Amino acid sequence: MQIIIGQEVPKVKEEITNIIYRENDAIAKNSQDKANLVNRIIKVFPGVGVPLIPILLGAGVFSLIMMLLMMSGVMPNITLVKENEDLAKNIYYIFNPNLNILFVIIFVISKSSTIWLGIGTCVSAAIYFKWNFVLAFAIGMTICSPILWGNGGPAMLGQQYDPETYIEGWVLFRFAEVSNPMIQRILQINVTPMQAKIGVLLLTIYTAKIFDDWIKKWMPTSIDFICRNLMILTFIPFIAFFIYGPIWNIFEGIFGLFVLLVTKFPLGIGMGLLSGIHQVTVVFGLHQVIGVVFNVDTMTHGGVARLTISSAIGTWAQLAALLGVIIVTSDKRLKKDGTQMFMVGAIAGITEPMLYGVNFPKKRPLYAGMIGGFAGGLIISWTNVTLRGVSAWGGLYSFIAFFSPPIGIQPSILEQEGCLSNVMNGLMFILASAVAFGVAIVVSMLIYKERVSEKTLINKMFNDSIKLLKIEQKILTLKKQQKIELINSGEIKELKSKLKNVIENVEEKSIKKQERSILKSDGAKFDIDLFLKKQEKQTLKLSKKGKHFMKKGQYDKAKEIALKISSLNDFNKLQFLESKAVLAKSKVDIHELEERYQNIENKVSILVKDFTFTHKELSEIDFTPIYKNAVESLLIDYNYKEEYSFKPIEVHINEKNNELAKIKRDLKNERRLKKLKVNKSKS
């Protein structure tokens, strides 16, 4: 191959890879193409976060083990900062020669996967954007470099630390100096390590992909292999450190300022809102800046923390929302995965798996958690629950923290802040958590849906069409300098009444019945997969034991193992599960569904034809694949059918919005020129 193609081998390889990607994209549902820019950006976060769930789950379980060892006094606290070592409080510097190496390794295993998550995020982002994950790894190693860490710094996010703004990094320039740390962030330029800045990491990798594609277009093949990679690894980190990072820090300052303002709302509303949104900020990596708000609140009140509690309340609310999904869903795979995520979140306080895996992608559980968090936050504020010098680690440990006696806080400050007794403080926290949990689980169970309904999707299609018409109406009004009405409220009302009858009750019930059958069929397949995996796992485990006994010449024991392996082959159970799956599949009537779909599509087609005939402005849109995807969404969602490809109405809306903006600019410039001419003629 090298002889035939010569130096073009790398480019040929990349083109073959691109072809494979394009073929895969044609088969897979590409939800990004259907969404507008904002939705596409939002979908990137869970899209990149989901592959990291195994790391987060593993880290969560191991962190729990370390936490239990530390709570029981078996293992000391370990710090990366020499100055923070305090043997009296059982806090050891990691390089203390008297520290047991076993504890050091436990600490490293527990912390590394989360501290170095920035590199994993870069690799996951490269896979999501279909780019070179090895180069992404190299970029991640650079912008999350341990050289920038030194001894870890106060938050283990970098050694350089600005105590005025709580930013880990180097201050390049200050426009002004103010006392408010959030405003100070906005008024200065900082260079920081990026391991905790998810938005910067994603934007950096996407920029690297665009930069790489651009270089390929013009760089000669003779120098491509070396120079292209060199340019990417040289320029991209500089862009991340000196452009994206400082902009993100300013954005964090603006967001932090907004959060500070929210916390000032009276009657406990501020605390409720903060508890509701806290876990949402985790998805976008903005919870770090909220941590700064927590620090400011704690120091302002002499070490007594209130706002910090919103994190724990928000966690329990989102966990309850997930539990609501687990209870009501008919999807067995979702039940199994959700249960694991719930256990890790409840015990260790690691919420990213459930947020990226279930609550955020499905939206409704996230909303339920936010409502529950708001309710719990109100109780926290009304009852004056506080943290007094004790860290409320996530999960079940948080309950212990609220019963704990104050540490390092003067009694006069406790009295001044109106702190409750230790027992009452803990009980009120349990009450607030119970309220958040109860509200979230009930709301989640009430509003959760397995998927978006056909009616909703059809309505969206027509709503987008009306939106497009209104933009076109504005364009024509500006062009002709007179008011033009393409669609009126009466017509919209009439259209909506017609849409109500597009899917009749009988058809809707039939589709829901088939959905239940599909879920049961998928559940039966899942039971078979689970049984076979369990059987395979036990067989491998016993086989290893059998080989071990054979090597030692213990043939009797090896024979016993062989009998155990043969007893694992439970053909009766497998046959029962397979017959159950066949029965469940037989109840899925695809033919009936397709007949229903055809009937609905005929009605929608008539509506579309009438609508486009009345409004010629919509004639350029091909509505057929749009309404087919909407009507047949059940089969598409459960992978019984491929999605129809189409140009989204959102694209047409964006194009028309751009045209409208251009017309407005042109008219504005025209008015300016006229004004200048008038002024010139007068002078």
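Being a predicted model, the structure only gives us computed values, none of them experimental. (Residues numbered from 1 in each chain as written. Predicted model: local features only at pLDDT ≥ 70, side-chain atom pairs only at ≥ 80, totals over all residues. Heavy atoms only, no water.)

**Brief notes about the overall build of the protein**
Right, so step 1: From N to C terminus, the protein includes 28 helices and eight strands.
Right, so step 2: Across the 683 residues of the protein, 44% fall into the buried class. (Helix = DSSP H or I, 4+ residues; strand = E, 2+ residues; numbered from the N terminus. Buried < 20%, exposed > 50% of the residue type's maximum accessible area, 1.4 Å probe, protein only.)

**Section: the nonpolar core**
Right, so step 1: Membership of the largest hydrophobic core comes to 97 residues, with the highest contact counts inside it found for W131, I143, I205, I309 and F429.
Right, so step 2: Contact partners of I309, with chain neighbours within four places excluded, come to M271, I380, V385, T386, L387, F402 and F429.
Right, so step 3: If you look at the next biggest cluster of nonpolar residues, it comprises 43 residues, including I492, V502, L593 and I621. (Core = buried A, V, L, I, M, F, W, Y, C linked by side-chain atoms within 4.5 Å. Contact = heavy atoms within 4.5 Å.)

**Quick word on the environment of A401**
Right, so step 1: With respect to the helices and strands, the residue A401 is situated in helix α17 (residues 397-403).
Right, so step 2: Judged by relative accessible area, which is 3%, A401 ranks as buried.
Right, so step 3: Once the C-alpha coordinates of A401 and L387 are considered, the two residues, 14 residues apart in sequence, prove to be 7.6 Å apart.

**Focus: unusual backbone geometry**
Right, so step 1: One non-glycine residue, L267, lies in positive phi territory at about 60°.
Right, so step 2: Along the polypeptide, L267 turns up in the loop between α10 (221-263) and α11 (269-283).
Right, so step 3: Taking relative accessible area as the criterion, L267 reaches 68% and is therefore assigned exposed.
Right, so step 4: Positive phi values are uncommon outside glycine, yet N639 reaches one of about 60°.
Right, so step 5: Relative to the assigned elements, N639 resides in the loop between α27 (633-637) and α28 (649-682).
Right, so step 6: We classify N639 as exposed; its relative accessible area is 66%.

**Describing the side chain of H652**
Right, so step 1: When you line up the elements, H652 lands in helix α28.
Right, so step 2: Judged by relative accessible area, which is 6%, H652 ranks as buried.
Right, so step 3: Residue contacts for H652: discarding those within four places in its chain leaves L468, E620, I621 and K647.

**Brief notes about helix α15 (residues 352-362)**
Each α-helix turn comprises 3.6 residues. Residues three or four places apart therefore point the same way.
Right, so step 1: A large share of α15 lies buried, amounting to eight of its 11 residues.
Right, so step 2: Turning to α15, its buried residues number three or more, namely E352, P353, M354, L355, Y356, V358, N359 and F360.
Right, so step 3: K363 sits one or two residues past α15 and shows a positive phi near 65°.

**Focus: a nonpolar patch on the surface**
Right, so step 1: A surface patch of nonpolar side chains, amounting to about 750 Å² of accessible area, comprises L172, F173, F175, F238, F242, I243 and I247.
Right, so step 2: Counting only elements with at least two residues in the nonpolar patch, the list comes to β5 (170-174) and α10.
Right, so step 3: Considering every element that reaches the nonpolar patch, the biggest residue donor is α10, with four residues.
Right, so step 4: Position of F173 relative to the elements: it lies in strand β5. (Patch = residues over 30% accessible without salt bridge, like charges linked within 9 Å, V, L, I, M, F, W, Y side chains within 5 Å. Areas by Shrake-Rupley, 256 points an atom, 1.4 Å probe, with all protein chains shown as cover. Salt bridge = Lys/Arg side-chain N within 4 Å of Asp/Glu carboxyl O.)

**Some points on the side chain of T315**
Right, so step 1: For T315, the position within the fold is in helix α13 (residues 309-328).
Right, so step 2: Exposure remark for T315: the relative accessible area of 8% places this residue in the buried category.
Right, so step 3: Leave out the neighbours within four places in its chain, and T315 touches Q279, T351 and M354.

**Observations concerning the pattern of salt bridges**
Right, so step 1: The tally for this structure, following the rule as stated, stands at 26 salt bridges.
Right, so step 2: Of the charged contacts, one joins K479 and E659 as a salt bridge, the two residues approaching to 3.5 Å between their closest N and O atoms. Within this pair, whereas K479 is found in helix α20 (residues 454-480), its partner E659 is found in helix α28, the two being separated by 180 residues in sequence.
Right, so step 3: What makes E659 partly exposed here is its relative accessible area of 28%.
Right, so step 4: Across the salt bridge formed by E507 and K603, the nearest N and O atoms sit 3.2 Å from each other. Linking E507 in helix α22 (residues 505-551) with K603 in helix α25 (residues 590-614), this pair joins segments that are 96 residues apart in sequence.

**A look at the packing of α15 against helix α16 (residues 364-383)**
Right, so step 1: Two elements in contact, α15 and α16, have axes whose closest approach is 4 Å; the angle formed by their N-to-C orientations is 90°. Taken as axis vectors, α15 and α16 run roughly perpendicular relative to one another. Between α15 and α16, the residues in contact are L355, N359, F360 and K362 and R364, P365 and L366, respectively.
Right, so step 2: Among the residues making up the contact of α15 with α16, the classes are represented as four nonpolar, one polar and two charged. (Axes fitted to C-alpha atoms, helices over the stretch in contact; angles between N-to-C directions. Parallel < 35°, antiparallel > 145°, perpendicular 65-115°, else oblique. Nonpolar A, V, L, I, M, F, W, Y, C, P; charged D, E, K, R; others polar.)

**A word on α22**
Right, so step 1: Over its 47 residues, α22 runs 69 Å from end to end, which matches the ideal 69 Å to within 8%, given 1.5 Å per residue.
Right, so step 2: Positive backbone phi, approximately 80°, marks G553, located one or two places after α22. (Expected span 1.5 Å × (residues − 1).)

**Quick notes on the packing of helix α6 (residues 117-128) against helix α9 (residues 198-218)**
The relative placement of two packed helices comes down to the angle between their axes together with the axis-to-axis distance.
Right, so step 1: In the contact formed by α6 and α9, the axes pass within 9 Å of each other and the chain directions differ by 40°. In terms of their interaxial angle, α6 and α9 are classed as oblique. Handedness of the α6/α9 crossing: right-handed. In this structure, α6 contributes G118, T121, C122, A125 and A126 to the contact, and α9 contributes L201, L202 and I205.
Right, so step 2: Taken together, the residues of the contact of α6 with α9 sort by class into six nonpolar, two polar and no charged. (Left-handed = near helix turned anticlockwise from the far one by under 90°.)

**A closer look at the packing of aromatic side chains**
Right, so step 1: One pass over the full model with this rule turns up 14 aromatic pairs.
Right, so step 2: Ring plane angle 80° and centroid distance 6.1 Å describe the contact between F211 and F235, whose orientation is recorded as edge-to-face. Residue F211 is located in helix α9, and its partner F235 is located in helix α10; the two are separated by 24 residues in the primary sequence.
Right, so step 3: Look at F211 and you get buried, because its relative accessible area is 17%. (Phe/Tyr/Trp six-rings, centres within 6.5 Å; stacked < 30°, edge-to-face > 60°.)

**Overview of the confidence of the model for the protein**
When pLDDT drops low, the exact placement of atoms in the prediction is not to be read closely.
Right, so step 1: With 89% of its residues at a pLDDT of 70 or more, the protein shows a mean pLDDT of 81.
Right, so step 2: Within the protein, the element-level pLDDT minimum falls on helix α1 (residues 2-5), averaging 44, and the maximum on α16, averaging 94.
Right, so step 3: Confidence drops under a pLDDT of 50 for residues 1-10, and excluding neighbours within four residues, the segment shows nine contacts in the predicted structure.
Right, so step 4: A low-confidence stretch, residues 19-35 stays under pLDDT 50, and its non-local contacts, those more than four residues away or across chains, total 20 contacts. (pLDDT = per-residue confidence, 0-100.)

**With respect to the state of the cysteines**
Right, so step 1: Enumeration over the complete set of coordinates arrives at zero disulfides.
Right, so step 2: C122 carries a free sulfur, and the closest cysteine sulfur to it, the one in C144, is 5.4 Å from it. (Disulfide = S-S within 2.5 Å.)

**Describing the environment of R228**
Right, so step 1: Here R228 is to be found in helix α10.
Right, so step 2: The class for R228 is buried, based on a relative accessible area of 5%.
Right, so step 3: Taking the C-alpha atoms as reference points, R228 and I215, separated by 13 residues in sequence, lie 6.7 Å from one another.

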